[in-house]
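Architecture and fold: a report
Spelled out, the chains give:
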Amino acid sequence: MLKTFKVNIAALALGLLTTLPAWSADEIVIGASLPMSGPLSGFGFYTKWGYEAAVADLNKAGGLEIDGRKLPVRLIVRDDKTDPNVTASNTETLIARDGAVAMLGSCTPPLSNAGALVAERRKVPLVTACNPLMSFKAVRKWRYAWDIFFHEEDLAAASFHMMADYKLATNKKIAILAENAPDGQMIGGTVWPAMAKADGYEVVMNDSFPIDAQQFGTMINRAKLGGADLVLVMAIPPQAIAIRKQMASAGYTPKLLVMEKGAEPEMFQRALDKLAEGVLVGGYWDPSLPYPGASELAKRFEADTKQTQSQHIADSYTAAHVLLDAIAAANSTDREKINAAIAKTDKTYVIGPVKFDADHTSRIPMMVMQWQKGKAVVVWPKDRATGQLQFPLPQQAD
Amino acid sequence: MSSLDLWAGSLLSGLLLGAMLSLTALGLSITLGVMRLVNLAHGEMLIAGAYLSFYLLQYAGVAPLPGLPLVALVLALLAWPVYRWLVTPLQGKGPEASMMTMFGVSIILQSLFLLVFSADSRSVDSPLAVVPFSLGAISIPKIYLVGAAISVALVLAMHMLVAHTSFGRALRAASIDPVAAAVQGVDVRRVHALTFGLGAACAGVAGVLIGSAFSFTPSAGATYLLVSFAVVLLGGVGNIYGTLWAGLLIGVLQSVGGLLLGDGYRDLVGLLVFLIALSLKPASIVAEGASR
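Predicted model only: the values in this text are computed from it and were never measured. (Residues numbered from 1 in each chain as written. Chains lettered and ligands numbered in written order. Predicted model: local features only at pLDDT ≥ 70, side-chain atom pairs only at ≥ 80, totals over all residues. Heavy atoms only, no water.)

Helix and strand counts for chain A stand at 13 helices and 17 strands. Compactness check: chain A gives a C-alpha radius of gyration of 23 Å against a globular reference of 21 Å for 398 residues, within 12% of the reference. In terms of its C-alpha atoms, chain A occupies a principal-axis envelope of roughly 80 × 50 × 40 Å. Expressed as a percentage of its 398 residues, the buried residues of chain A come to 59%. Pairs at least 24 residues apart make up 70% of the contacts formed inside chain A by residues separated by at least 6 positions. In chain A, the 42 positive side-chain charges and the 42 negative ones have mean positions that sit 2 Å from each other. (Helix = DSSP H or I, 4+ residues; strand = E, 2+ residues; numbered from the N terminus. Rg over C-alpha atoms; globule rule 2.2 N^0.38 Å. Buried < 20%, exposed > 50% of the residue type's maximum accessible area, 1.4 Å probe, protein only. Contact = heavy atoms within 4.5 Å. Lys, Arg positive; Asp, Glu negative; His and termini not counted. Charge placed at Lys NZ, Arg CZ, Asp CG, Glu CD.)

Below is the structure:
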């Protein structure tokens, strides 16, 4: 009886220990819920690396100085499995159980906003990237969440500006295929059609699909039927890969193919090989940009992972640095003080200049990138181009 | 290309894709029909086939179609320990125990895929998947045509196996009344092991075709499991020809859904059919069973 009682007490103690905050006074805990599995895991991989690299740099330099004490920073990352509900519960756990004083955001609007809403409710500062600004601002008037990324209008406009700058000869007919996630609805449903109208293009097809769709034959045939020379796609990588394959198998090669979001990670090129050639995607960072540490960051990532760099390493690395700088500037782990310090950010990071506006957003200018011989090269704006635009999209050999 | 061509092309694609869907459902149907086993890891077996083909091509240069027999064999062999150590001990303990076990296997396999292959989206590099087959103004992916031919051939071969061989007789006997079959000298456990292996092999082959035509991730199996359930239920549990017709029907209905409502609503149509079939024949998933 006594033995059973002791075992129960021990089990209870163990249970309590595992539910107590992981935080201790000798370190500063920051948390992040990221898509390490599921359809968005490609983004999660880069984002995690960027966050961890920034924290590692800081710890290597001795940590953060708070009240004269150098404290190491511990980043706790939880997998949200590409599910906004899990992002929300992870954020809750990271704050309540792990004792995170501040948060770094997830990737894409559904996930990033889900975590930001929890942080907002708990009055915990959260710095995110990988969340287009219109989608971020549309959620609410933020007090504790901050976003460093591109604006949807800039992304949507980049391809149109590029076509105008290069005077590309097309029949001015556009087909739009966009996922029905918030950023897809925003860009595919609103911004692209408006840009097309303003620039004298005709939208011959505009259709949307859920983010787990795999069959796009009807949409592609409609675009082909409409004779669209330009196809604009907004989709995550699994869908972008499937769409590109199905376009080829439908015998449809438009003159210009833009695949926002999905064509960005290297897995897109690896999965499609030659079919990726010539595909355009909006970009916001390249190691060639004249910002401090840009080329070194890319080299470091490639040495660490043996994979080609992605622009997401830069925005995530920057988001983490902005948060760490703010904690240092606040000289405190008080969340209100950290939040106030984030608001005062005005510095050039690896991604470029970061300064937040009244909506808590800091805008990254857009470029257009193109897959050429297995590498993503900058093709617009001309003054930042690292390669020549390949036009039209190569025909697929039978 | 006219609107008529668009409709004709979409319906033909739906028909061919439907044939492939029947193959994705075939393994699920026979394990359910013969063993009364709701194999919730069927989708992961399909994805395992896709990964195997992907790596066979990458590291051994084995193209997806010539590699199909190897993928089928490996999947069948991998299924054996699952059957022997996880399914066999639960026989006679009701359908829930084995169903939950297979649910656990599904989660474990997803995690293993994630651990070993990473979470990246993949696609089996098959030239057939990016080359159109043209019929006048209609273009359909060649992989649909080849995949449908392979699927129909395998469904027919399965029917021949079940209807015209001694193993098929034993399988039918075991599916109708395992106790009576055992009394008559049928080695029911062996029949079940082979059925489970056959189911896994079919899933593996379907995975290669699906992985070539589309893309896949470690967690993509769930989508195909759901559609497979719809096909099995519509065609009748264990009914091999029924699986083929149901696959074709769902493929065509998905295409009609895509044409009328947009590609994003293809699965909605399939799932609606599933729910209607379930409401009309709620007991069929456990009551039917004879493989025919």
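To continue, consider a nonpolar patch on the surface. Residue and element names in this part refer to chain B. Judged by side-chain polarity, Trp7, Leu260, Leu261, Tyr265, Leu268, Leu272, Leu275, Ile276, Leu278 and Leu280 come together as a nonpolar surface patch covering roughly 980 Å² of accessible area. Going through the elements one at a time, helix H10 (240-261) and helix H11 (266-280) are the ones with two or more residues in the nonpolar patch. Among the elements that take part in the nonpolar patch, H11 stands out by supplying six residues, more than any other. The residue leucine 272 is located in helix H11 in this model. (Patch = residues over 30% accessible without salt bridge, like charges linked within 9 Å, V, L, I, M, F, W, Y side chains within 5 Å. Areas by Shrake-Rupley, 256 points an atom, 1.4 Å probe, with all protein chains shown as cover. Salt bridge = Lys/Arg side-chain N within 4 Å of Asp/Glu carboxyl O.)

Looking now at the sheet that holds strand S1 (residues 28-34) of chain A. Residues and elements named next belong to chain A. One open sheet accounts for six strands, arranged S4-S1-S5-S6-S7-S15; its pairing is parallel. Whereas interior strands pair on both sides, the edge strands pair on one side only; in this sheet they are strand S4 (73-79) and strand S15 (361-363). Taking the axes of each pair of neighbouring strands and ignoring which way they run, one obtains an average angle of 20 degrees across the sheet. In this structure, strand S6 (residues 126-128) lies alongside strand S7 (residues 145-149), joined through three bridges in parallel fashion. When the sheet's bridge partners are listed, leucine 126 is paired in S7 with alanine 145. Together, S6 and S7 form the strand contacts of helix H4 (residues 109-121), whose direction differs from that of S6 by roughly 165 degrees. (Pairing = 2+ DSSP bridges. Axes fitted to C-alpha atoms, helices over the stretch in contact; angles between N-to-C directions.)

This part takes up the interface of chain A and chain B. With 33 residues of chain A at the contact, the number on the chain B side is 36 residues. Together chain A and chain B conceal approximately 2,900 Å² of surface at their shared face, both sides included; 51% is due to carbon and sulfur atoms. Between chain A and chain B we count zero salt bridges in total. Between the two partners, chain A and chain B, sit seven residue pairs in polar contact (both at pLDDT 80 or more). At the level of elements, strand S9 (202-209), helix H8 (217-225), helix H9 (237-249) and helix H10 (266-272) of chain A are the ones that each hand at least two residues to the side of chain A that touches chain B. Ranked by the residues each element gives to the side of chain A that touches chain B, the list is headed by H9(A), at eight residues. Here the side of chain A that touches chain B is composed, by residue class, of 15 nonpolar, twelve polar and six charged. (Buried area = accessible area lost by both parts, 1.4 Å probe. Polar contact = N/O pair within 3.5 Å; in protein donor to acceptor, adjacent residues only side chain to side chain. Nonpolar A, V, L, I, M, F, W, Y, C, P; charged D, E, K, R; others polar.)

Below, the discussion takes up the confidence of the model for chain B. All names here are of chain B. For chain B, the mean per-residue pLDDT works out to 87, and 96% of the residues sit at or above 70. Within chain B, helix H12 (residues 284-287) has the poorest average pLDDT of any element, 47, and helix H2 (residues 42-60) the best, 95. Scored below 50 in pLDDT, residues 285-292 shows 30 contacts in the model against residues more than four places distant or in partner chains. Our summary of model confidence lists the complex with pTM equal to 0.77 and ipTM equal to 0.76. (pLDDT = per-residue confidence, 0-100.)

Chain-level statistics for chain A give a pLDDT mean of 90 and a share of 93% at 70 or above. Note that residues 11-23 of chain A has pLDDT below 50 and, in this model, 15 contacts with residues that lie over four places away or in other chains.

Attention now moves to the state of the cysteines. All names here are of chain A. Across all of its chains, the model carries one disulfide over all chains by this definition. Between the sulfur atoms of cysteine 107 and its disulfide partner cysteine 130 the distance amounts to 1.6 Å. Highlighted residues: cysteine 107 in the loop between strand S5 (102-104) and H4 and cysteine 130 in the loop between S6 and helix H5 (133-139), separated in sequence by 23 residues. Cysteine 130 matches cysteine 107 in its accessibility class, with the two residues each being buried. (Disulfide = S-S within 2.5 Å.)

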